[in-house]
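Observations on chain architecture
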Amino acid sequence: MLAKMEENEPRKEGGKKRKHRKGEEGDRKRRGDCDGGGDGDARKRLDPLSVGYFRRVGERLTEGFAENEEKVMFVENVLTEVKGKAAVVAMDVTGSVTLQRLLPLATSRQVGEVLAELGGESGSKFKTVSCDKCGGHVVESALRQMPRCTADLSPPQKDQTSTTEEEDEGGCGMLEAQVLSLSRMVTENSAEFIKDMYGSHVARTLIHVLGGCLGPARTETRPGAKERNSVVQLTDFEAPTSFWWELKSLSSSLMSSVKLSVTDAVASAVFQTLLTVCHRKRPILCKQLLKGLMGYLTSLSSAPGVSPLLVFMKDHASSRLLETVIQLSHKTLLRDLYKNHFKGQLVTLAIHPIANFPIQRFTAASTKYKMFLKVFDELMEGMEAVLAAGHMGVIVQLTESCVEREEKQAQMMRCLLTAFHCTEPASRQTSCLPLFMSLLTYEVYYHSETAEGEIDTERPLSSICYHGSLLVQSLAKFKDRSLLLGSLRSLTPADLLILGTHQFGSHVLQVLITTSSDKGRGKILRRLEGQFVQMACSRLGSRVLEAVWNSSSVSQRQSIAQELVPSETRLRSDQFARHVWAKFSLTSFVRRHKQWQEGQTGESKKRKLFSDILD
């Protein structure tokens, strides 16, 4: 199996932002896949009249209800129409979407009755519905109603509208029984569920419910939205005792199919969910799962003297699973990983197009332990090779880890200066900021020469990139930031304006100014004089200006206000600057200057007090 995995094509992207892999496209596109095509031709379908009925139901749900009694009656009437043909409705495009919107409005008993019909007397029908590209969504929606039965019910979420009547114990008991019935079906057929593109999503939602923690519905976390790579926020709820035992049984069943988690990307995602939930809610069980998984991976044969984990690190499906394993590992397991598998191989893995991602996670996980010092030294030896491979995610993570390990900050900065060819002569160090943000060496960035053969350093700021911005933001957290601040102050006002209004550069300017001392901030603001109006009229620049304003002293705010006030007409008519004008109370600055000054002084004191409390 290892030899076959080595033949897989590598990922093309090696930076910190990674592309979704083939197996995960189901996670991204599954909602859009519910289009009624494909394998559904042989199954029962809703007749045109029923499709029209459920379409009208959806339209009515969109309109909303003026009275709760009207909503309760409406839900009851629709579910009466569904009764007897729930599976057919759930596996129809229109019916599926309508049921997904209707179940959060139903009582626990009504949700339990729908699940009971979908599963049949013994729960044997759950598999068919759950593995359907439309029916699976309905099962997930029903599972997500379970938290409403707990005593620690939080305020209703968007997909969990509360009813006027409290959930009766009988209804909650019925819903709990159906969840357990579904769980037993998944446990008995775990291999088939976790490798199915649609059934795997039901299995993942089931794991969350059994564990007692639930994230936002996938319709609210689609990849097209902002922060697609952000950590999903989970909400805990008190799961019934029966769920704890059922989760253990399901975990044992999934471990018997552990081979699938290594070879199949869809199944791998289920195991990642299991590990994440258990780490949060069942830490002892999580340790057992990690031990069993690592035992399986390390038991497989590979070339003599080569750890089998090195092969898995380079595979599409298993590398994702290993990332989760590394993130959730305790100190002993991390130490074993380094000592018996990664030691001497970190640079080789860091320059691999797939394996560099688990190495980023390993670097982050080892930061607070002594082994980080060895990890740091080993990766530093291959700094040039990692940069040449373009895997800036590794460098950024290493820099971020140095924020917590102060003893390595000076060495990290020296290595970066050397890598970007700006160590000697010392005059080159004032150019480090543009070089770091563009990820270009000194010679490449200042590619033009003067008539005397010297490099022309009079070049407008350009080529700022995503990973360069992240790198500088990490360096800005170092104890000694003198080189960065000196380089920033050497930029022309025009370059500072470019930086402050750039998609990635604006974050750099903001963090460097807001984290500076009053004296250092004043020096930078003096360099920015004459650019405040243009920054205020920029979408990104206005945000930087607001952040700078909040961190500035009253005298610094007064200097900014004095430059902005003469351009009142322009500022108040601009879509971004008008918010700046309002938030800075510039009208008051013009008409009641003394009152404005007193107000700003009071606000500064409040911010300082709040900051001291947080610290």
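About the thresholds
- Residues numbered from 1 in each chain as written.
- Predicted model: local features only at pLDDT ≥ 70, side-chain atom pairs only at ≥ 80, totals over all residues.
- Heavy atoms only, no water.
- Helix = DSSP H or I, 4+ residues; strand = E, 2+ residues; numbered from the N terminus.
- Contact = heavy atoms within 4.5 Å.
- Areas by Shrake-Rupley, 256 points an atom, 1.4 Å probe, with all protein chains shown as cover.
- pLDDT = per-residue confidence, 0-100.
- Core = buried A, V, L, I, M, F, W, Y, C linked by side-chain atoms within 4.5 Å.
- Buried < 20%, exposed > 50% of the residue type's maximum accessible area, 1.4 Å probe, protein only.
- Phe/Tyr/Trp six-rings, centres within 6.5 Å; stacked < 30°, edge-to-face > 60°.
- Patch = residues over 30% accessible without salt bridge, like charges linked within 9 Å, V, L, I, M, F, W, Y side chains within 5 Å.
- Salt bridge = Lys/Arg side-chain N within 4 Å of Asp/Glu carboxyl O.
- Lys, Arg positive; Asp, Glu negative; His and termini not counted.
- Charge placed at Lys NZ, Arg CZ, Asp CG, Glu CD.
- Polar contact = N/O pair within 3.5 Å; in protein donor to acceptor, adjacent residues only side chain to side chain.
- Arc of directions from axis to C-beta.
- Disulfide = S-S within 2.5 Å.
- Axes fitted to C-alpha atoms, helices over the stretch in contact; angles between N-to-C directions.
- Parallel < 35°, antiparallel > 145°, perpendicular 65-115°, else oblique.
- Nonpolar A, V, L, I, M, F, W, Y, C, P; charged D, E, K, R; others polar.

Section: the overall build of the protein chain
Scanning the protein chain for helices and strands turns up 39 helices and two strands. By sequence separation, contacts in the protein chain at least 24 residues apart represent 74% of the contacts at least 6 residues apart. Within the structure as shown, the protein chain displays about 29,400 Å² of accessible surface, and the carbon and sulfur contribution to it stands at 51%.

Brief notes about the confidence of the model for the protein chain
Per-residue confidence for the protein chain gives a mean pLDDT of 84, with 83% of residues at or over 70. Under a pLDDT of 50 for its full length, residues 1-42 has, in the predicted model, 113 contacts with residues more than four places off or in other chains.

Quick notes on the nonpolar core
In this structure, L118, F342, M412, F436 and L564 are the most contacted members of the largest nonpolar core, which totals 165 residues. With eight residues, helix α16 (residues 283-299) is the largest single contributor of residues to this core.

Focus: the packing of aromatic side chains
Taken as a whole and judged by the stated rule, the model has ten aromatic pairs. Taking 5.2 Å as the distance between ring centres and 50° as the angle between the ring planes, the aromatic pair formed by F65 and F74 counts as tilted. The interplanar angle of 70° and the centroid separation of 5.3 Å between the aromatic rings of F420 and F436 together place this pair among those described as edge-to-face. Residue F420 is found in the loop between α25 (409-419) and α26 (432-438), and its partner F436 is found in helix α26; the two are separated by 16 residues along the sequence. Just as F420 is buried, F436 falls in that class too.

A look at a positive patch on the surface
Residues K331, R335, K339, K343, K370 and K374 make up a contiguous surface patch of positive charge. Here the positive patch takes three residues from helix α19 (residues 331-342), the largest share from any one element. Along the chain, the position of K331 falls in helix α19. A residue is classified by how much of its surface remains accessible, and K331, at 41% relative accessible area, is partly exposed.

Observations regarding the environment of R335
Here R335 shows up in helix α19. R335 sits in the partly exposed class, given a relative accessible area of 43%.

Let's talk about the pattern of salt bridges
Under the criterion given, the structure shown has 14 salt bridges. With a shortest N-O distance of 2.6 Å, R60 and E70 are connected by a salt bridge. One end of the pair, R60, is in helix α3 (residues 48-63); the other, E70, is in helix α4 (residues 68-82), with ten residues separating them in the sequence. Three or more residues are tied together by salt bridges with common partners; here these are R60, E63 and E70.

Description of the side chain of D92
Tracing the sequence through the fold places D92 in the loop between α5 (86-90) and α6 (93-102). Classification of D92 as buried rests on a relative accessible area of 13%. For D92, the side chain forms a polar contact with the main-chain nitrogen of T94, separated by 3.0 Å. Here D92 is in contact with L46, V51 and C134, once residues within four sequence places are set aside.

As for α19
Among all positions of α19, only L333, L334, L337, Y338, H341 and F342 are buried. Mapping the buried residues of α19 onto a view down its axis gives an arc of 135°, with all of them on the same face. Contact partners of the buried residues in α19: α16, α17 (308-312), α18 (316-328), α20 (346-350), α21 (356-365) and α22 (371-381). Looking at the residues trailing α19, positive phi occurs at G344, about 80°.

Digging into the environment of A410
Within the secondary structure layout, A410 lies in helix α25. When the C-alpha atoms of A410 and K479 are compared, they prove to be 9.2 Å apart, with 69 residues separating the residues in sequence.

Description of the state of the cysteines
As enumerated under the stated definition, the model contains zero disulfides in all. Here C286 stays free of any disulfide, with the sulfur of C278 as its closest cysteine sulfur at 6.3 Å.

As for the packing of helix α34 (residues 539-551) against helix α35 (residues 554-564)
The N-to-C vectors of α34 and α35 enclose an angle of 140°; their axes lie 9 Å apart at closest approach. Considered as vectors, α34 and α35 are oriented oblique to each other. Contacts from L545, W549 and N550 in α34 reach R557, I560, A561 and L564 in α35. Looking at the contact of α34 with α35 residue by residue, the classes come out as five nonpolar, one polar and one charged.

Section: unusual backbone geometry
A negative phi angle is the norm for most residues apart from glycine, just as the trans form is the norm for most peptide bonds. For the peptide bond that leads from E424 to P425, omega is -10°, which places it in the cis range. By secondary structure assignment, the location of P425 is in the loop between α25 and α26. At H421, a residue that is not glycine, the phi angle is positive and equals roughly 60°. By the element assignment, H421 lies in the loop between α25 and α26. Residue H421 is classed as partly exposed on the basis of its relative accessible area, which comes to 34%. Positive phi outside glycine occurs at L439, with the angle close to 55°. Following the sequence through the fold, L439 ends up in the loop between α26 and α27 (442-445).

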